[in-house]
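# Survey of secondary and tertiary structure
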Amino acid sequence: MAANGQGEKRSAEEAAGEEPVLSLLDVLEEDDALEDEACAGYVKRQALYACNTCTPNTEEPAGICLACTYKCHEGHHLFELYTKRNFRCDCGNGKFKQMECKLFPEKENLNAGNKYNDNFFGLYCTCKRPYPDPEDETPDEMIQCIVCEDWFHGRHLGTDPPEHLEFQEMVCQCCMERCSFLWAYSNKIGVPIVTKITAAEADQEVKVEDCSEETTKSQNGPCIKTEEEKEVKEEQTPSTSCEKIYLFYRKPVNGHMSSSAKTDEKTEVEPCKLKEYRQHQTPRESGATYWPNNWRSKLCCCDQCMVCRTFKSILYV
């Protein structure tokens, strides 16, 4: 009840335009939360910073947590790295020479599980420029790759971000080359890329018969099937590769296989989605790809796919 009453009081003060009142208990609880964050191991995802004062670009890259920016690096020149996953704060370890972390001095010399890139020196994208860039006045948005977690200018991704289409995550061009199996999925579950149709491509796509209102007309009059219509048609067309696969086995009796068993039971085994998608995969493309929400839940998790370490690194990001 006390907590609820305090919450109502703060809401009333904020509504009245007054600064919320913090008690000593609130301050202590905040300090405890910061210390817990600094002392934690590899955090699933957290906001990180790099200190250009303690680890400039001539030194090894290092990342520090939000708590250490307050307690150990106040007044230093910091780079904001935004959020990164599976990272442990480096503050006070071997990369900081004689400096000790004020929150947790007893740290390992190195955090072998951490991954670093040019972001830790304040550089982003394929252009390796700072953000914000004082020498670049071109209006553009920065998008983070879900795999490497680098940030990219929209115009430097090899493909323009889809307009008027919602996407939740992006995989950059370099990560698509490293995880080439994603091309098969991008045709099925990825956000489609809107590209301009040249005259030669238009001639190949022209369908004179069976034109409907949903087809797109070219300047000469004939109808051109849209990409969305072709995808719907492919999904509606049955494929022999999509048929269920069954394994037949004899039910054991008392721990042994019965030779007199007359009935077999069927165990349904899902086919490999990746293998199926590759049969209908279009020629390899280039550039970044864009994905809807929860797209990783639609990836194949058969035994063969789960053996691939690269696949598992995508599945669990």
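Summary of the structure given here. Here the structure is a predicted model, which is why all the values come from computation and not from measurement. (Residues numbered from 1 in each chain as written. Predicted model: local features only at pLDDT ≥ 70, side-chain atom pairs only at ≥ 80, totals over all residues. Heavy atoms only, no water.)

### Observations concerning the overall build of the protein
Of regular secondary structure, the protein possesses 10 helices and 14 strands. In the protein, which comprises 317 residues, the proportion classed as buried is 32%. Considering only contacts within the protein whose residues lie at least 6 apart along the sequence, 64% involve residues at least 24 apart. Carbon and sulfur atoms make up 50% of the accessible area of the protein, which totals about 21200 Å². (Helix = DSSP H or I, 4+ residues; strand = E, 2+ residues; numbered from the N terminus. Buried < 20%, exposed > 50% of the residue type's maximum accessible area, 1.4 Å probe, protein only. Contact = heavy atoms within 4.5 Å. Areas by Shrake-Rupley, 256 points an atom, 1.4 Å probe, with all protein chains shown as cover.)

### Some details on helix H5 (residues 182-189)
Side chains of residues three or four places apart in an α-helix project in the same direction, reflecting 3.6 residues per turn. Of all 8 residues that make up H5, 6 are buried, and the element is covered over most of its length. Here H5 has its buried residues at Leu 182, Trp 183, Ala 184, Tyr 185, Ser 186 and Ile 189.

### What about the sheet that holds strand S1 (residues 43-51)?
If you walk across this open sheet you meet the 3 strands as S2-S1-S3, and the pairing is antiparallel. The open sheet has two free edges, formed respectively by strand S2 (64-65) and strand S3 (78-87), since each of these has just one partner strand. Bridge analysis of S1 against S2 gives 2 bridges, and the strand direction is antiparallel. What sits directly across from Tyr 49, in S2, is Ile 64. (Pairing = 2+ DSSP bridges.)

### Here's the deal with unusual backbone geometry
Across the junction of Tyr 131 and Pro 132, the peptide omega takes the value -5 degrees, indicating a cis bond. By the secondary structure assignment, Pro 132 is in the loop between S3 and strand S4 (142-144). Not every positive phi belongs to a glycine, and Asn 86 is a case in point at roughly 50 degrees. Relative to the elements of secondary structure, Asn 86 occurs in strand S3. The phi dihedral of Lys 97 is positive, around 55 degrees, even though this residue is not glycine. By the secondary structure assignment, Lys 97 is in the loop between S3 and S4. The exposure class assigned to Lys 97 is exposed, which follows from its relative accessible area of 61%.

### Focus: the pattern of salt bridges
Tallied over the full model, the rule gives 10 salt bridges. When the shortest N-O distance is used, the salt bridge between Lys 128 and Asp 118 registers 2.9 Å. Taken together, the residues Lys 128 in the loop between S3 and S4 and Asp 118 in the loop between S3 and S4 connect sequence positions 10 residues apart. Given a relative accessible area of 29%, Asp 118 falls into the partly exposed group. In this structure, the salt-bridge partner of Asp 136 is Arg 155, at a minimum N-O distance of 2.5 Å. Linking Asp 136 in the loop between S3 and S4 with Arg 155 in the loop between strand S5 (151-153) and strand S6 (169-171), this pair joins segments that are 19 residues apart in sequence. By relative accessible area, Asp 136 is classed as partly exposed at 22%. The network of salt bridges with shared partners includes Arg 45, Arg 85 and Glu 149. (Salt bridge = Lys/Arg side-chain N within 4 Å of Asp/Glu carboxyl O.)

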